[in-house]
Amino acid sequence: MIKQKDYILKIVPKYAVLPLIFSFVLNMVIYAGTMVLCADFYHHDFTTAFDRAVPLIPEFTSIYLICYVFWIANYIMIAGIGKEHMYRFLTGDYISRIVCGLFFVFLPTTLVRPEITGNGLWEQILKLVYTVDQSANLFPSIHCLVSWFCYVGIRKQKQIPAWYQRFSLVFAILVCISTQVTKQHYIIDVFGGILLAEICWQIGQRTEWYQSVEKFFDRIIRLFSSRDRGKAGHGGLSEVKE
């Protein structure tokens, strides 16, 4: 167990473990929680002529799903840039999820997905996505939001190679495209996700709110650390007595 913990800390800075876990938990609570809460609410359909004209391309389901690996990698990378940078970033990240939750509750959305008639690999995978992921909580698109955060979090950061910054921008755009050609979102969801990410990123950068977030997690980390030290001290005394 100790070796596994040391290995994790080589990849993820120790100060980042709890805040990153909280980001994941908050995302799941907001998305899944509002899905259950608003199940019986009236859901709006904002499909436009543009949305109807966009073709269905099941192969883009690969981008839609691979992006989860992209999110994990970039969030860890962003955390490694520095503690202040991470907390500024995560402050915007947390705020964006709260805003998403408000939209999901007060402006529930849905769309009518197309019938998939093909029997190819990606058609079958997309059918599975449709089965697992309900057509709700569309605006703003969390897929687009998080992918854009993955880009802005490393944008203009000297520690991150320029080629990877460019790759992150291109991949974030591909994720946005994937939400359209898999018919998981309207076009307005894309712009809503990107705009919300940019606004919340600026809030994190231009305010000192991150300090309150940092203090909150520092208290929790100190609490757990003191408990661990207490257990270790107790164990040491037991060994002496034996």
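Residues numbered from 1 in each chain as written. Predicted model: local features only at pLDDT ≥ 70, side-chain atom pairs only at ≥ 80, totals over all residues. Heavy atoms only, no water.

In the annotation of an unreviewed UniProt entry, the protein is listed under the name Phosphatase PAP2 family protein and assigned to Candidatus Anaerostipes avistercoris.

Summarise unusual backbone geometry; cite the residues concerned and give the values.
Apart from glycine, the bulk of residues carry a negative phi angle, and the bulk of peptide bonds sit in the trans form. Between phenylalanine 139 and the following residue, proline 140, the backbone shows a cis peptide bond with an omega angle of -10°. When you line up the elements, proline 140 lands in the loop between α6 (121–132) and α7 (142–152). Phi is positive for lysine 183, which is not a glycine, with a value near 60°. (Helix = DSSP H or I, 4+ residues; strand = E, 2+ residues; numbered from the N terminus.)

Outline the pattern of salt bridges, listing residues and values.
In the structure shown here, the tally under the stated rule is six salt bridges. Here arginine 88 and glutamate 84 are joined by a salt bridge, their closest N and O atoms 3.0 Å apart. One end of the pair is arginine 88 and the other is glutamate 84, both in helix α5 (residues 83–106) and four residues apart, which spans about a single turn. Between glutamate 198 and arginine 155 there is a salt bridge, and its shortest N-O distance comes to 3.0 Å. Of the two residues, glutamate 198 sits in helix α9 (residues 187–206) while arginine 155 sits in the loop between α7 and α8 (162–181), which places them 43 residues apart along the sequence. A single salt-bridge network, built from bridges that share partners, covers Lys83, Glu214 and Asp218. (Salt bridge = Lys/Arg side-chain N within 4 Å of Asp/Glu carboxyl O.)

Describe the UniProt feature "transmembrane region" (unreviewed entry) in the protein, naming the residues involved and giving the relevant values.
Per the UniProt entry, the sites bearing "transmembrane region" (unreviewed entry) are residues 20–42, 62–82 and 94–112 in this numbering. With 78% helix and 0% strand, residues 20–42 has its two end C-alpha atoms placed 34 Å apart. As annotated, residues 94–112 comprises 68% helix and 0% strand, and the C-alpha atoms at either end are separated by 30 Å. (UniProt positions renumbered as here; feature names shortened; annotations may be inferred.)

How would you sum up the nonpolar core? Please name residues and give values.
Among the nonpolar cores identified, the biggest contains 42 residues, and Leu20, Tyr75, Phe89, Leu90 and Phe149 are the most heavily contacted of them. Apart from the residues lying within four places of it in its own chain, the contact partners of phenylalanine 89 are Tyr75, Ile78, Phe149, Gly153, Trp201 and Gln205. Counting five residues, the second largest nonpolar core, distinct from the first, contains Tyr64, Ile116, Leu126 and Tyr130. (Core = buried A, V, L, I, M, F, W, Y, C linked by side-chain atoms within 4.5 Å. Buried < 20%, exposed > 50% of the residue type's maximum accessible area, 1.4 Å probe, protein only. Contact = heavy atoms within 4.5 Å.)

Describe a nonpolar patch on the surface, with residues and values.
A cluster of nonpolar side chains, namely Ile21, Phe24, Val25, Met28 and Val29, defines an oily patch on the protein surface of about 470 Å² accessible area. Here valine 25 lies in helix α2 (residues 17–37). (Patch = residues over 30% accessible without salt bridge, like charges linked within 9 Å, V, L, I, M, F, W, Y side chains within 5 Å. Areas by Shrake-Rupley, 256 points an atom, 1.4 Å probe, with all protein chains shown as cover.)

I'd like a rundown of α2, residues and numbers included.
Here α2 contains 21 residues, and its C-alpha end-to-end distance of 29 Å stays within 8% of the 30 Å for a straight helix at 1.5 Å per residue. When we look at burial in α2, the residues that qualify are Pro19, Leu20, Ser23, Leu26, Asn27, Ile30, Thr34 and Met35. The buried residues of α2 occupy one face: seen down the axis, they fall within an arc of 145°. Of the exposed residues in α2, the ones pointing more than 90 degrees away from its buried face are Phe24, Val36 and Leu37. (Expected span 1.5 Å × (residues − 1). Arc of directions from axis to C-beta.)

Explain the side chain of asparagine 74 residue by residue, including any values.
Mapped onto the fold, asparagine 74 is located in helix α4 (residues 61–81). At 3.0 Å, the side chain of asparagine 74 forms a polar contact with the backbone oxygen of cysteine 150. When residues no more than four places from it in sequence are discounted, the contact partners of asparagine 74 are Cys150, Ile154, Tyr164 and Ser168. (Polar contact = N/O pair within 3.5 Å; in protein donor to acceptor, adjacent residues only side chain to side chain.)

How would you sum up the environment of tryptophan 148? Please name residues and give values.
Among the secondary structure elements, tryptophan 148 is positioned in helix α7. Its relative accessible area of 12% is what places tryptophan 148 among the buried residues. In this structure, the C-alpha to C-alpha distance between tryptophan 148 and glutamate 198, residues 50 residues apart in sequence, is 8.0 Å. Other than its neighbours up to four places away in sequence, tryptophan 148 contacts Leu169, Ala172, Ile173, Ile194, Ala197 and Glu198.

An account of the environment of glutamate 214 is requested, with residue identities and associated values reported.
One can find glutamate 214 in helix α10 (residues 209–241). According to the relative accessible area criterion, glutamate 214 is buried, its value standing at 18%. In the structure, glutamate 214 is positioned 25 residues away from aspartate 189 in sequence and 31 Å away in space, judged by C-alpha atoms.

Explain the packing of α7 against α9 residue by residue, including any values.
Contact pair α7 / α9: the axes reach a minimum separation of 8 Å and the direction vectors enclose 40°. One finds that α7 runs oblique with respect to α9. Once α7 is placed against α9, the crossing between them reads as right-handed. Here Cys144, Leu145, Trp148, Phe149 and Val152 of α7 come into contact with α9, specifically with Val190, Gly193, Ile194, Leu196, Ala197, Glu198, Cys200 and Trp201. Taken together, the residues that form the contact of α7 with α9 break down as 11 nonpolar, one polar and one charged. (Axes fitted to C-alpha atoms, helices over the stretch in contact; angles between N-to-C directions. Parallel < 35°, antiparallel > 145°, perpendicular 65-115°, else oblique. Left-handed = near helix turned anticlockwise from the far one by under 90°. Nonpolar A, V, L, I, M, F, W, Y, C, P; charged D, E, K, R; others polar.)

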